[in-house]
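So the chains spell out like this:
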Amino acid sequence: MIKILTAFLCIFSSVAFASDSGHFSYRMLEDQKLALEIGEILYNQPGDGCWSCHGGNGAGVRSPTSKAVEEMRTDLRNRETWSSFKIIDAYASENPNQLTQKAIATSLIRLGAKDWNRKIPPIVAQKTKQNNIYFDQRMIGIHSKYLKKNTKRITRLLKRRKVKYKRKHIMDLMATSVYLFIEEKFRPTSN
């Protein structure tokens, strides 16, 4: 029921390293409709979901913070504002086929900026001549204060739908589902 989504970046023990290609793997639900449902649940989590910063329409939420903070906020409707697209533009020429935008974005959702900033730049530096890839610390990905509650909710949903999976892959399933939801919901109308 679960297939492997090849990606460049990963989290600790829940995924396996394929040393020959330099890629990591994330688990993803085969049932795209269910994955979109899970992604929507997590994106719209009351209080601490993705929408609390990115907004229901993906344009970002206005707050009484400085203009500089507003300019840094990613507009999910405009791919050019995504840090993962900026990174891939900077590094794709050095490592074609090893670093993908989807892998960067999924790993950020999976790890959150704090862990991503601490663990991933050294890995990227080994494959590129650059080492200055960092994300805004406020980007928490699926690691909100409701992580345990969300994990239990998604686990129950998967059991009700009779989806077979390994418990150690639940975080991967959650992260790839959020990415899929964002891709579908905020897909540019032109292209």
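Source: prediction; values computed, not measured.

Conventions used here
- Residues numbered from 1 in each chain as written.
- Predicted model: local features only at pLDDT ≥ 70, side-chain atom pairs only at ≥ 80, totals over all residues.
- Heavy atoms only, no water.
- Patch = residues over 30% accessible without salt bridge, like charges linked within 9 Å, V, L, I, M, F, W, Y side chains within 5 Å.
- Areas by Shrake-Rupley, 256 points an atom, 1.4 Å probe, with all protein chains shown as cover.
- Salt bridge = Lys/Arg side-chain N within 4 Å of Asp/Glu carboxyl O.
- Lys, Arg positive; Asp, Glu negative; His and termini not counted.
- Charge placed at Lys NZ, Arg CZ, Asp CG, Glu CD.
- Helix = DSSP H or I, 4+ residues; strand = E, 2+ residues; numbered from the N terminus.
- Buried < 20%, exposed > 50% of the residue type's maximum accessible area, 1.4 Å probe, protein only.
- Polar contact = N/O pair within 3.5 Å; in protein donor to acceptor, adjacent residues only side chain to side chain.
- Contact = heavy atoms within 4.5 Å.
- Core = buried A, V, L, I, M, F, W, Y, C linked by side-chain atoms within 4.5 Å.
- Expected span 1.5 Å × (residues − 1).
- Phe/Tyr/Trp six-rings, centres within 6.5 Å; stacked < 30°, edge-to-face > 60°.
- Axes fitted to C-alpha atoms, helices over the stretch in contact; angles between N-to-C directions.
- Parallel < 35°, antiparallel > 145°, perpendicular 65-115°, else oblique.
- Nonpolar A, V, L, I, M, F, W, Y, C, P; charged D, E, K, R; others polar.

**Details of a positive patch on the surface**
Piece 1. A cluster of basic residues, Lys148, Lys149, Lys152, Arg153, Arg156, Lys159, Arg160 and Arg167, forms a positive patch on the protein surface.
Piece 2. Structurally, the position occupied by Arg156 is in helix H6 (residues 147–160).
Piece 3. On the accessibility criterion, Arg156 (48% relative accessible area) is partly exposed.

**Regarding the side chain of Asp75**
Piece 1. Looking at the element boundaries, Asp75 is found in the loop between helix H3 (67–72) and helix H4 (83–91).
Piece 2. In terms of polar contacts, Asp75 uses its side chain to reach the side chain of Arg77, at 3.0 Å.
Piece 3. Discounting residues that sit within four places of it in the chain, Asp75 has contacts with Gly58, Ala59, Thr81 and Trp82.

**Details of the nonpolar core**
The tendency in soluble globular proteins is for nonpolar side chains to be buried as a group.
Piece 1. Residues Leu29, Ile38, Ile154, Leu158 and Ile182 are the most contacted members of the largest nonpolar core, which totals 30 residues.
Piece 2. Looking at this core, the elements with two or more residues in it are strand E3 (23–29), helix H1 (32–43), helix H5 (101–127), H6 and helix H7 (170–185).
Piece 3. With 10 residues, the single largest contributor to this core is H7.
Piece 4. If sequence neighbours within four positions are ignored, Ile182 has contacts with Tyr43, Leu76, Arg79, Trp82, Ile109 and Arg187.
Piece 5. One finds Leu99, Leu111, Trp116 and Ile120 within the second-largest nonpolar core, a separate group that totals 10 residues.

**Quick notes on unusual backbone geometry**
Note: most peptide bonds trans; most residues except glycine with negative phi.
Piece 1. Although it is not a glycine, Lys162 adopts a positive phi angle of roughly 60°.
Piece 2. Following the sequence through the fold, Lys162 ends up in the loop between H6 and H7.

**Digging into H7**
Piece 1. A rise of 1.5 Å per residue sets the reference length of H7, with its 16 residues, at 22 Å; its end C-alpha atoms lie 22 Å apart and thus fit the reference within 8%.
Piece 2. Counting buried positions along H7 yields 14 of 16 residues, so the element is predominantly enclosed.

**Observations regarding the packing of aromatic side chains**
Piece 1. Within this structure, the stated rule accounts for three aromatic pairs.
Piece 2. Arranged with centres 5.7 Å apart and planes meeting at 50°, the rings of Tyr43 and Phe186 form a pair that is tilted. You can see Tyr43 sitting in helix H1 and its partner Phe186 sitting in the segment after H7, a full 143 residues away along the chain.
Piece 3. On the accessibility criterion, Tyr43 (0% relative accessible area) is buried.
Piece 4. Ring geometry for Trp82 versus Phe85: centroids 5.7 Å apart, planes at 65°, classification edge-to-face.
Piece 5. By way of ring pairs, the aromatic residues Tyr43, Phe181 and Phe186 are connected into one cluster.

**Focus: the packing of H6 against H7**
Piece 1. Contact geometry for H6 and H7: axes closest at 11 Å, N-to-C directions at 90°. On the basis of the axis angle, H6 is roughly perpendicular to H7. Contacts from Leu147, Asn150, Thr151, Ile154, Thr155 and Leu158 of H6 reach H7 at Ile170, Met171, Leu173 and Met174.
Piece 2. Residues that form the contact of H6 with H7 fall into these classes: seven nonpolar, three polar and no charged.

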